[in-house]
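The primary structure of each chain is shown beneath.
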Amino acid sequence: MTTEHTPARGDATANDPTVNVEHDEAGTNVEHDEHDNAYSGLLVNDAHWAFGTDFEDPLAGVDTTVPEGVDASDLGAYCLMLGDDALVFSQRISEWCSNAPDLEEDIALANIALDLLGQSRLLLARAAAADPALVPELPESSPVPDEDRLAFFRNDLAFRNVRLAEVPNGDFAEAVAKILIYSTWRLSIFERLTTSRDSVLAAIAAKGVKEMSYHRDFAGRWVVTLARGTEESRSRLVTALDGLWPLWSELFETHPVEAAVADAGIGIDPAEVADEASVILDQVFAAAGIDRPERGGLAGVGVHGQKGRDGLHTEALSKLLAEMQVVAREHPEGLW
Amino acid sequence: MTTQMNDSRFDEAQLQEQFDATIEAKDRIEPRDWMPEAYRKTLIRQVAQHAHSEIIGMQPEGNWISRAPSLRRKAILLAKVQDEAGHGLYLYSATETLGATRNELTEKLVAGKQKYSSIFNYPTLSYTDVGTIGWLVDGAAICNQVPLCRTSFGPYGRAMIRICKEESFHQRQGYELLMTMMRGTDAQREMVQESVNRFWWPALMMFGPPDDNSPNTEQSMAWGIKTHTNDELRQKFVDMSVPQAEALGVTFPDENLTWNEERGHYDFSTPNWDEFWDVVKGNGPCNTQRIAHRKRAWDEGAWVREAALAFAENQTAEEAVK
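The text that follows walks through the structure, step by step, so that each part is easy to find. No experiment lies behind these values; they were computed from the predicted model shown.

Procedures and definitions
Residues numbered from 1 in each chain as written. Chains lettered and ligands numbered in written order. Predicted model: local features only at pLDDT ≥ 70, side-chain atom pairs only at ≥ 80, totals over all residues. Heavy atoms only, no water. Helix = DSSP H or I, 4+ residues; strand = E, 2+ residues; numbered from the N terminus. Buried < 20%, exposed > 50% of the residue type's maximum accessible area, 1.4 Å probe, protein only. Contact = heavy atoms within 4.5 Å. Areas by Shrake-Rupley, 256 points an atom, 1.4 Å probe, with all protein chains shown as cover. Expected span 1.5 Å × (residues − 1). Phe/Tyr/Trp six-rings, centres within 6.5 Å; stacked < 30°, edge-to-face > 60°. Buried area = accessible area lost by both parts, 1.4 Å probe. Salt bridge = Lys/Arg side-chain N within 4 Å of Asp/Glu carboxyl O. Polar contact = N/O pair within 3.5 Å; in protein donor to acceptor, adjacent residues only side chain to side chain.

1. What about the overall build of chain B?
Across its full length, chain B holds 14 helices and two strands. Across its three principal axes, chain B shows a C-alpha extent of roughly 75 × 60 × 30 Å. Of all 322 residues assigned to chain B, the portion counted as buried reaches 59%. Intrachain contacts of chain B at a sequence separation of at least 6 include 76% that bridge at least 24 residues. Carbon together with sulfur atoms contributes 51% to the accessible area of chain B, which is approximately 13700 Å² in total.

2. Considerations on helix α7 (residues 128-145) of chain B
Between its first and last C-alpha, α7(B) extends 24 Å over 18 residues, near the 26 Å set by a 1.5 Å rise per residue. Counting buried positions along α7(B) yields 17 of 18 residues, so the element is predominantly enclosed.

3. Here's the deal with the packing of aromatic side chains
Residues and elements named next belong to chain B. The full count for this structure, using the stated rule, is 19 aromatic pairs over all chains. For the ring pair W259 and Y266, a centre distance of 4.9 Å and an interplane angle of 70° mean the geometry is edge-to-face. A residue is classified by how much of its surface remains accessible, and W259, at 43% relative accessible area, is partly exposed. Residues W273 and F276 carry aromatic rings whose centres are separated by 5.2 Å and whose planes lie at 85° to one another, so their mutual orientation is edge-to-face. One end of the pair, W273, and the other, F276, are both in helix α12 (residues 273-283), three residues apart, so they sit about a helical turn from each other.

4. A short note on unusual backbone geometry
One non-glycine residue, A:S98, lies in positive phi territory at about 75°. Note on placement: A:S98 falls in the loop between α3 (72-94) and α4 (103-130). For B:K26, which is not a glycine, the phi torsion comes out positive at approximately 60°. Position of B:K26 among the secondary structure elements: in the loop between α2 (12-24) and α3 (37-56). Note on B:K26: relative accessible area 38%, which makes it partly exposed.

5. Regarding α3(A)
Counted at 1.5 Å a residue, the expected span for α3(A) with its 23 residues is 33 Å, and the 32 Å between its end C-alpha atoms agrees. With 20 of 23 residues buried, α3(A) lies mostly within the body of the structure.

6. Looking at the environment of A:Q91
Relative to the elements of secondary structure, A:Q91 occurs in helix α3. For the pair A:Q91 and A:E166, spaced 75 residues apart in the sequence, the C-alpha separation amounts to 8.6 Å. With near-sequence residues (within four places) excluded, A:Q91 lies in contact with A:L320, A:M324, B:S66 and B:K74.

7. Section: the interface of chain A and chain B
In this complex, chain A contributes 80 residues to the contact, which on the side of chain B involves 81 residues. Summed over both sides, the interface of chain A with chain B buries roughly 7100 Å², with 65% coming from carbon and sulfur. Along the contact surface separating chain A from chain B lie three salt bridges. Close ionic contact of B:R102 with A:E104 constitutes a salt bridge, the shortest N to O distance being 2.6 Å. Scanning the region where chain A abuts chain B turns up 17 residue pairs in polar contact (both at pLDDT 80 or more). At 12 residues, the largest contribution of residues to the side of chain A that touches chain B is made by α4(A).

8. Describing the side chain of A:T184
Residue and element names in this part refer to chain A. Inspection of the secondary structure assignment puts T184 in helix α6 (residues 172-193). Within the structure, the side chain of T184 is placed 2.6 Å from the backbone oxygen of L180, a separation counted as a polar contact. Once residues within four sequence positions are removed from consideration, T184 is found in contact with R216, A277, I280 and L281.

Put into structure tokens, the structure is as follows:
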């Protein structure tokens, strides 16, 4: 793809640096010469030109046939749920960029956001491939790929993420508590999902398991550190966990779509992992020397008490999406 | 022991001689080597300023992470801003080898006692600025920084080798974003030109004041901390950028930008140095905002850094009891 838009008319010599040779005469490391060419290649066509920047369907070359006996719309809806969780949570965590307590944490939080963003791209692409009816329509000439149509051209009522993913950020204690809760829950689901009958979903889960083991470890260590650090850090952590706890039980409620995909052997009923996730979290709490918060679950809304998986969210989600989607929506035929 | 002490009394001149010989031979000065106090101070100032620039530089582009118009571009942008945090880390590590800690330098930055590159005092007003910053700002930074891979202080030079490679990658990604947008809609092409118009002059000013008004250049060049003058690098950057702009299909906002056959270089107008000094002195569009942002993040993180220290101390104490 690069060849197509790499200009042929560029004069490569115009970019050659004229720095440097004088040092070699003095016998300094000649090996450094290659570094002097760092800016020489903008108009040169080579295989590594901005490597990885081209758009490729994240599922390019993958067989996305829906397994036999599986309802494609259930599979699509399920992938959308998992994809929206990862996308919305990634968006929230990325807000930490340039705001973390120190550079190491800034880098770590960006890593987590990037991993989740990568997971969401695969899951949204899987959703679109399973059930094209999910993908919002745009003008015929629009080059916007499916994953971006799903991310940027749906409104909040069409998002299926759990509400934990969308609640606004608090302090650093809130961030690590939220990541611990999310990754503990999600890791238990993904570990089971690696044996899904849908080989695409199984592969996405296998990749995610490696990533989220690190996320859980990072968050767990910080929870213990904050709990056993200073009085202030302990108190902030306890407050953060208490504030997040009402969102815990929603993670394990079975939506009809989840029940259907679990029956079909391609998805996981989250109720199945409730005990395991609780035990793991209690281990972290024990190491931290803190008690599990005692708070009831956050009520749903609407006639049937609907929640995130049903598309009924907190007030925070539509604002998050308004910001996330603004440039994309202004250019429905834009090429990025 | 006694011998050493005696040595140190009469050997200052000899140490200076060795230092000068190392510089003369274009060899590296390493952290444990003797160095003149003024060299150490100048280096700390320069490397700290560079480290601060990386960290403050996260903000203008970070401003668009939440609004990047595709998931792929969001990932690219987030990874790029994360790289800048990484560059800050290496550079603060280099200052630590000179005896200046990250904490003390950050305190100086947020107190307004140390500078960072003025380019980051300009706002990012459109998503396109992410591409333009990659192309022009990272491009100018690379011109400034590539010669620093050979700078006389070892840890700084080695950090710069890695940083330059990553910056070069960022520059390509930025240019590729603009290339892609130029193949998109009319509105996107207008966005690219508008953004390039805003960043061209600030990018040229990144090389610093003209040589006749750059008081530190001479000493820094003698020490091998700096290897090219501001005007030399600026000219090189202009010469490189013009064909890139033509390939992209945009123009630079300078009617005097023309090829000079005789000089073998492009002629260009004099940047607005009044604006440059005004921004350096703190009146740029975003000076206050950038420092306030960094100060808020630093202050709000204080309790976390304290908790981590307290936790580590508690662990050590517990192990001692065992």
